[in-house]
Amino acid sequence: MKTKKVPMRMCTGCGEMFEKRTLVRVVKSPEGDVSLDLTGKKSGRGAYVCKNPECLKLARKKKAFERAFSQPISDEVYNLMEEEMKNA
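*Asks:* Would you mind going over the pattern of salt bridges with me for this structure?
*Replies:* Under the definition given, this model contains six salt bridges. Residue Glu 83 is joined to Lys 86 by a salt bridge in which the shortest nitrogen-to-oxygen separation is 4.0 Å. Of this pair, Glu 83 and Lys 86 both sit in helix α3 (residues 75-87), three residues apart, roughly one helical turn. Residue Glu 83 is classed as partly exposed on the basis of its relative accessible area of 43%. The network of salt bridges with common partners includes Arg 60, Asp 75 and Glu 82.

Structure (structure tokens):
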């Protein structure tokens, strides 16, 4: 019997590989807006981060999302993502 392949993604904060469904997707929409995608279904370019707020802080410090999306990201957006992550 063939086992189904589990999609793996790397956390932009800690750099470890995890199953895709255990991570939170950060998406850059076609309009250029960056936000958390808790459903995993928004259209646009995606990058992944652990559900750990420390990983989001680490990704922010490393400017990992700026590199992934090739655009600067304001503190306002990061603060909003941190709030959403705490509430989720």
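*Asks:* Any chance you could explain the side chain of Thr 12 here in plain terms?
*Replies:* Residue placement: Thr 12 occurs in the loop between β1 (8-10) and β2 (17-19). Excluding residues within four positions of it along the chain, Thr 12 makes contact with Ala 47, Tyr 48, Val 49, Ala 59, Lys 62, Ala 64 and Phe 65.

Analysis parameters
- Residues numbered from 1 in each chain as written.
- Predicted model: local features only at pLDDT ≥ 70, side-chain atom pairs only at ≥ 80, totals over all residues.
- Heavy atoms only, no water.
- Salt bridge = Lys/Arg side-chain N within 4 Å of Asp/Glu carboxyl O.
- Helix = DSSP H or I, 4+ residues; strand = E, 2+ residues; numbered from the N terminus.
- Buried < 20%, exposed > 50% of the residue type's maximum accessible area, 1.4 Å probe, protein only.
- Contact = heavy atoms within 4.5 Å.

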